[in-house]
Amino acid sequence: MNSKKNGFHLGYGWCGGPCRWGTKLKTRSLDGVALDAEVHYVGIAADEPERLAKLEPPKCSPLAEAGMTETDCLAFCYERGFFWEENGVRLYDILDRVSCWCCKNKNRKELKAIYQFLPEYWEKLKELQAQIPMPMKPFSRKGIPYGNVFDLEKVFEQEVREERSAVPPKKKRRCCEQSR
């Protein structure tokens, strides 16, 4: 592939940021299925105003219309036995959003959780990073360089080592406890 911005390259690079090729493929496929439907129901919660503002007819969100927040929706699913798990790990326990595992929009907390709890996906991220010259997380929101997946791994390795060796804080006695 040859582009004005990147010259000759293979593939699209990391998905996320302004490069939403994964989202475009998904929405194009979904929109193509329901071409003749009068209404397209989209699962956007009431506490997602930016996403709701982008909905145009025939799309609508019954969740938002019912006033359900993301937390309400997750509780609704859990109450009915629907859990998003991977190798025994509940994904919503470790991730802010259960979305594409290779999206560069993942925040640092989520990337560290993938490193710690989903090592097979971390290995896949390393395989991708080995093929993509651009770092997955070039900068944080504060402009601090994160680096590529291999750099992040070194940082996470050190942090996990420090967390494991940290001495747990001593429990303070409650003021109402008396020594005997």
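If you're wondering where the values come from, they're calculated on a predicted model, not measured in any experiment. (Residues numbered from 1 in each chain as written. Predicted model: local features only at pLDDT ≥ 70, side-chain atom pairs only at ≥ 80, totals over all residues. Heavy atoms only, no water.)

## Describing the overall build of the protein chain
Regarding its fold elements, the protein chain presents eight helices and eight strands. Taking all 180 residues of the protein chain together, 24% fall into the buried category. Across the protein chain, every contact between residues at least 6 apart in sequence was considered, and the portion connecting residues at least 24 apart equals 38%. Accessible surface for the protein chain amounts to roughly 13700 Å². Of this, 56% is attributable to carbon and sulfur atoms. (Helix = DSSP H or I, 4+ residues; strand = E, 2+ residues; numbered from the N terminus. Buried < 20%, exposed > 50% of the residue type's maximum accessible area, 1.4 Å probe, protein only. Contact = heavy atoms within 4.5 Å. Areas by Shrake-Rupley, 256 points an atom, 1.4 Å probe, with all protein chains shown as cover.)

## Let's talk about the nonpolar core
Core analysis: the largest hydrophobic core is formed by 20 residues, its most contacted members being Trp14, Leu111, Ile114, Leu118, Trp122 and Leu125. In this view, Leu125 contacts Trp14, Trp101, Cys102, Leu111, Ile114, Met136 and Val149; residues no more than four positions away in its chain are not counted. (Core = buried A, V, L, I, M, F, W, Y, C linked by side-chain atoms within 4.5 Å.)

## What about a nonpolar patch on the surface?
A grouping of Phe82, Trp84, Tyr92 and Val98 is seen on the molecular surface, where their side chains present a nonpolar patch of about 360 Å² in accessible area. Along the chain, Phe82 turns up in the loop between α4 (70-79) and β5 (85-86). With a relative accessible area of 54%, Phe82 lands in the exposed category. (Patch = residues over 30% accessible without salt bridge, like charges linked within 9 Å, V, L, I, M, F, W, Y side chains within 5 Å. Salt bridge = Lys/Arg side-chain N within 4 Å of Asp/Glu carboxyl O.)

## A word on the packing of aromatic side chains
A complete count under the given rule lists six aromatic pairs for this structure. Among the aromatic residues, ring-to-ring pairing joins Tyr115, Trp122 and Phe156 into one connected group. Above the face of the Tyr78 ring, Arg90 is positioned so that its terminal group lies 5.2 Å from the ring centre. Looking at Lys124, its charged tip hangs above the ring of Trp101, at a distance of 5.8 Å from the centre. (Phe/Tyr/Trp six-rings, centres within 6.5 Å; stacked < 30°, edge-to-face > 60°. Lys NZ or Arg CZ within 6 Å of the ring centre and 35° of its normal.)

## Here's the deal with helix α7 (residues 119-131)
Across its 13 residues, α7 extends 19 Å between first and last C-alpha, which sits within 8% of the 18 Å expected from 1.5 Å per residue. Those residues of α7 hidden inside the fold are in contact with β5, α6 (108-117) and α8 (149-165). (Expected span 1.5 Å × (residues − 1).)

## Quick notes on the confidence of the model for the protein chain
Mean pLDDT over the protein chain: 85, with 84% of residues reaching 70 or higher. The weakest mean pLDDT in the protein chain belongs to strand β1 (residues 2-3) at 64; the strongest belongs to helix α3 (residues 62-65) at 97. (pLDDT = per-residue confidence, 0-100.)

## Some details on the environment of Val39
Within the secondary structure, Val39 sits in the loop between α1 (21-33) and β3 (40-41). In the structure, Val39 is positioned 19 residues away from Pro58 in sequence and 4.8 Å away in space, judged by C-alpha atoms. Apart from the residues lying within four places of it in its own chain, the contact partners of Val39 are Pro58 and Cys60.

## Here's the deal with the packing of α6 against α7
Contact geometry of α6 with α7 gives a least axis separation of 5 Å together with a crossing angle of 115°. Considered as vectors, α6 and α7 are oriented roughly perpendicular to each other. Classified by chirality, the crossing of α7 by α6 is left-handed. Counting all contacts with α6, which are made through Leu111, Ile114, Tyr115 and Phe117, the residues of α7 involved are Pro119, Tyr121, Trp122 and Leu125. A per-class count over the contact of α6 with α7 returns eight nonpolar, no polar and no charged. (Axes fitted to C-alpha atoms, helices over the stretch in contact; angles between N-to-C directions. Parallel < 35°, antiparallel > 145°, perpendicular 65-115°, else oblique. Left-handed = near helix turned anticlockwise from the far one by under 90°. Nonpolar A, V, L, I, M, F, W, Y, C, P; charged D, E, K, R; others polar.)

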